[in-house]
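What the coordinates show
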Amino acid sequence: HLNLSDVLETEWTMVVNQSHNTLSTIIVSCLNAENISGTSLTSTGTTLHSSEWTIALDSVNSFATRKPIGSHLITTHILGHPWSKSDDALKVSSEYTLLANQNFSRIRALKPGDSKIVGISLSQGYDGTYLDTKSLMELVGTLKESSNIVPVLLVDPQTANHRTIVNELNLAMGNDLISINVDFTAFSAIATHLDLMVTPATDYAVAADLQGIETLELRNSAVFKQEPVITTEGSRVLFYEGQADIASDIIYAINEIFNTELPLNTTDGGSSVFACVKDEYGYFFSQIKGEINLGQELNYHLSRSFFFNLLGYPENSALMENIRENCVKEDIVEFVNETRSELTGAVKILLATLRSLKSIRNTSDGVNSFLSYYDQLLAYGKQQNIVGHMIRFTEGKIENISSQNSQENLAQIEQLLFELKGHIQKITEACGVLIGDLPLERESEA
């Protein structure tokens with residue numbers, strides 16, 4: 001058991017709750033701290049958020065299947081700093097660097113010219129994802145036969161079966177495969193020599209990403225069941241639910257990245273591939289392969305834009321124009337009609353909630369009426385769309401009210417519900433812009 005006595009007895013100027021799980025929230029709440037950044041508990045046991053970014057993380061991201069704003073981005077803002085990439089995020093040992101330079105000079109010389117080194121991790125990811133031997137055989141075999149790509153197997157010496165896998169692959173491919181025992185302390189020196197890394201979500205993937213190495217992150221799961229760890233522009237995350245054709249999908253992605261024409265068993269392995277893209281807000285993921293659910297994609301991009309604007313960033317004035325130019329009109333109409341239907345129901349309950357709130361001061365029956373309507377409003381917050389996200393965000397802000405005065409509480413709740421009404425009105429206007437009922441200029445002035 002961890003002895004926390006020294007931690008509890010120390011006077012802290014600032015404590016940061018970055019995990020935001022129940023245990024970390026309880027621990028930080030017990031500390032003697034002048035300031036707590038993130039989620040904590042009040043003396044009465046209610047949840048206290050240090051900022052609206054924390055509310056977005058706890059009230060929106062915790063329930064959203066696809067997070068409107070990536071959790072990595074939110075945690076940096078909770079600390080008061082917008083997300084950014086550093087050129088020297090990791091310390092690289094000079095000793096390991098010298099050794100890696102020598103080894104990779106020899107490796108790159110195997111295919112002179114514009115050779116590319118692709119590191120392939122044999123490790124199992126946080127979520128249990130791994131490449132099976134059959135997929136590795138197809139992937140490594142194809143890369144090995146290319147004119148300018150050198151596959152390098154990254155072996156964890158602490159994992160017993162990795163050497164067995166390498167031996168099996170070597171036996172099938174002429175015993176000339178390149179494998180490297182990767183100690184994590186030495187990995188930062190190794191990663192600088194990789195042109196691409198193929199890996200499940202692991203500590204090695206995070207380290208490579210911190211060094212700006214383009215990565216193909218593998219997720220054997222439904223789309224965005226877990227958030228990707230990659231944040232480097234040009235990297236990709238491949239979500240797949242069967243290993244049958246994952247090697248072909250990886251090779252397809254490598255062809256796109258390196259502009260090569262490696263042979264494929266199939267051009268449609270069934271995985272959904274998302275590229276990591278950057279804009280003025282930070283990084284985000286845009287689908288580039290697989291069956292696209294346009295409604296989900298539009299909900300994601302619009303939610304992301306609305307929340308960044310809501311949290312203090314300039315409005316993404318180009319988004320509406322891009323959607324109108326690049327999406328089929330009939331598909332936009334279908335999305336708008338569905339969203340308007342959700343908005344109509346939510347607004348109807350929201351107005352009833354506001355009316356019942358005003359009546360509380362006059363009759364005891366008003367409390368029951370308010371709670372009934374408010375519960376119905378929160379039910380709309382269970383939806384996995386922009387309307388649901390906005391309602392959950394408002395719910396989080398209401399739960400964060402700390403006043404002990406009932407009248408002040410009611411006034412703040414009323415103010416927040418009116419704010420939600422304004423947010424919903426803005427979504428309504430966005431629907432009008434998308435469908436052409438309102439001009440683009442009106443959206444940019446909103």
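The text that follows walks through the structure, step by step, so that each part is easy to find.

1. What to know about the overall build of the protein
A tally of regular secondary structure across the protein gives 17 helices and twelve strands. Counting only C-alpha atoms and orienting by the principal axes, one finds that the protein spans roughly 85 × 65 × 35 Å. Out of the 446 residues in the protein, the part that is buried amounts to 49%. Looking at the protein alone, contacts between residues at least 24 apart form 57% of all its contacts between residues at least 6 apart. Computing the positive centroid from 30 side-chain charges and the negative centroid from 55, the protein places the two 3 Å apart.

2. Details of the side chain of His 389
Tracing the backbone through its elements, the reader meets His 389 in helix H15 (residues 386–399). Apart from the residues within four sequence positions on either side, His 389 is in contact with Val 60, Ala 64, Arg 66, Pro 68, Ser 303, Phe 307, Gln 383 and Gln 384.

3. Notes on the pattern of salt bridges
Overall, the coordinates contain 15 salt bridges when judged by the stated rule. The closest approach of N and O atoms between Arg 219 and Glu 217, which form a salt bridge, is 2.9 Å. Take Arg 219 and Glu 217: they sit in the same class, and that class is buried. The network of salt bridges with common partners includes Glu 52, Lys 397 and Glu 419.

4. Focus on a negative patch on the surface
Taken together, the side chains of Glu 330, Asp 331, Glu 334 and Glu 338 make up a negatively charged region of the molecular surface. With respect to the helices and strands, the residue Glu 334 is situated in helix H13 (residues 329–359). Of the residues examined, Glu 334 reaches a relative accessible area of 54% and is grouped as exposed.

5. Overview of the packing of aromatic side chains
Given two aromatic rings, their pairing is described by the distance between the two centres and the angle made by the two planes. The final tally for this structure, using the stated rule, is 15 aromatic pairs. Relative to Phe 274, the ring of Phe 239 has its centre 5.9 Å away and its plane inclined at 80 degrees; by these criteria the two rings are edge-to-face. Placement of the pair is Phe 239 in strand S10 (residues 236–239) and Phe 274 in strand S11 (residues 272–279), with a sequence separation of 35 residues. Accessibility assignment for this pair places Phe 239 and Phe 274 in one class, buried. Each ring, one from Phe 307 and one from Phe 393, has its centre 5.5 Å from the other, and the planes form 85 degrees; the classification is edge-to-face. One end of the pair, Phe 307, is in helix H11 (residues 294–310); the other, Phe 393, is in helix H15, with 86 residues separating them in the sequence. Taking the relative accessible area as the measure of exposure, Phe 393 reaches 1% and is therefore buried. Across from the ring centre of Tyr 300, 3.7 Å away, lies the NZ or CZ of Arg 66, which sits over that ring. Stacked on the ring of Tyr 252, the Lys or Arg Lys 289 has its end atom at 5.0 Å from the ring centre.

6. What to know about helix H2 (residues 22–30)
The α-helix advances 3.6 residues per turn, and as a result positions three or four apart in sequence lie on the same side. When H2 is considered as a whole, its buried residues turn out to be Ser 24, Thr 25 and Val 28. Along H2, the residues classed as buried sweep out an arc of 100 degrees about the axis, all on the same side. What points out from H2, more than 90 degrees from its buried face, is the exposed set Thr 22, Leu 23 and Cys 30. Where H2 is buried, its residues meet strand S1 (11–16), strand S2 (32–37) and strand S3 (39–41). N-capping of H2 is provided by Asn 21, with a side-chain oxygen placed 3.3 Å from the backbone N of Leu 23.

7. Regarding the environment of Lys 348
Tracing the backbone through its elements, the reader meets Lys 348 in helix H13. Overall, Lys 348 belongs to the exposed group, its relative accessible area being 62%. Sequence separation of Lys 348 and Tyr 373 is 25 residues, and the distance between their C-alpha atoms is 10.0 Å.

8. Things to note about the pairing of strand S8 (residues 196–200)
With respect to burial, S8 is a largely interior element, five of its five residues being buried. Of the two faces of S8, the one lined by Leu 196, Val 198 and Pro 200 and the one lined by Met 197 and Thr 199 are each fully buried. Two elements, strand S5 (residues 116–121) and S8, share three bridges in a ladder whose sense is parallel. Bridge pairing in S8 places Gly 119 opposite Met 197.

9. A short note on the nonpolar core
Residues Leu 302 and Leu 417 are the most contacted members of the largest nonpolar core, which totals 63 residues. In this structure Leu 417 touches Leu 350, Thr 353, Leu 354, Leu 357, Phe 370, Leu 377, Thr 394 and Ile 398, once residues within four positions along its chain are discounted. Membership of the second largest hydrophobic core comes to 31 residues, among which are Leu 122, Leu 153, Ile 251 and Phe 258.

10. Concerning the sheet that holds strand S12 (residues 282–289)
Across the sheet, eight strands lie side by side as S7-S6-S5-S8-S9-S10-S11-S12; this open sheet has mixed pairing. At either end of the open sheet lies a strand with only one pairing partner, and these are strand S7 (178–181) and S12. The sheet shows a mean angle of 25 degrees between the axes of neighbouring strands, direction not considered. Of the strand pairs in this sheet, strand S9 (residues 215–219) and S10 are connected by four bridges, and their pairing is parallel. Residue Leu 216 lies in a different strand from S10, and its bridge partner there is Arg 236. The sheet contacts of helix H7 (residues 160–172) involve strand S6 (149–155) and S7, and relative to S6 the element is tilted by about 150 degrees. Sitting on the sheet, H11 is in contact with S11 and S12, with an inclination near 165 degrees to S12.

The rules we used
Residues numbered from 1 in each chain as written. Predicted model: local features only at pLDDT ≥ 70, side-chain atom pairs only at ≥ 80, totals over all residues. Heavy atoms only, no water. Helix = DSSP H or I, 4+ residues; strand = E, 2+ residues; numbered from the N terminus. Buried < 20%, exposed > 50% of the residue type's maximum accessible area, 1.4 Å probe, protein only. Contact = heavy atoms within 4.5 Å. Lys, Arg positive; Asp, Glu negative; His and termini not counted. Charge placed at Lys NZ, Arg CZ, Asp CG, Glu CD. Salt bridge = Lys/Arg side-chain N within 4 Å of Asp/Glu carboxyl O. Patch = residues over 30% accessible without salt bridge, like charges linked within 9 Å, V, L, I, M, F, W, Y side chains within 5 Å. Areas by Shrake-Rupley, 256 points an atom, 1.4 Å probe, with all protein chains shown as cover. Phe/Tyr/Trp six-rings, centres within 6.5 Å; stacked < 30°, edge-to-face > 60°. Lys NZ or Arg CZ within 6 Å of the ring centre and 35° of its normal. Arc of directions from axis to C-beta. Polar contact = N/O pair within 3.5 Å; in protein donor to acceptor, adjacent residues only side chain to side chain. Pairing = 2+ DSSP bridges. Core = buried A, V, L, I, M, F, W, Y, C linked by side-chain atoms within 4.5 Å. Axes fitted to C-alpha atoms, helices over the stretch in contact; angles between N-to-C directions.

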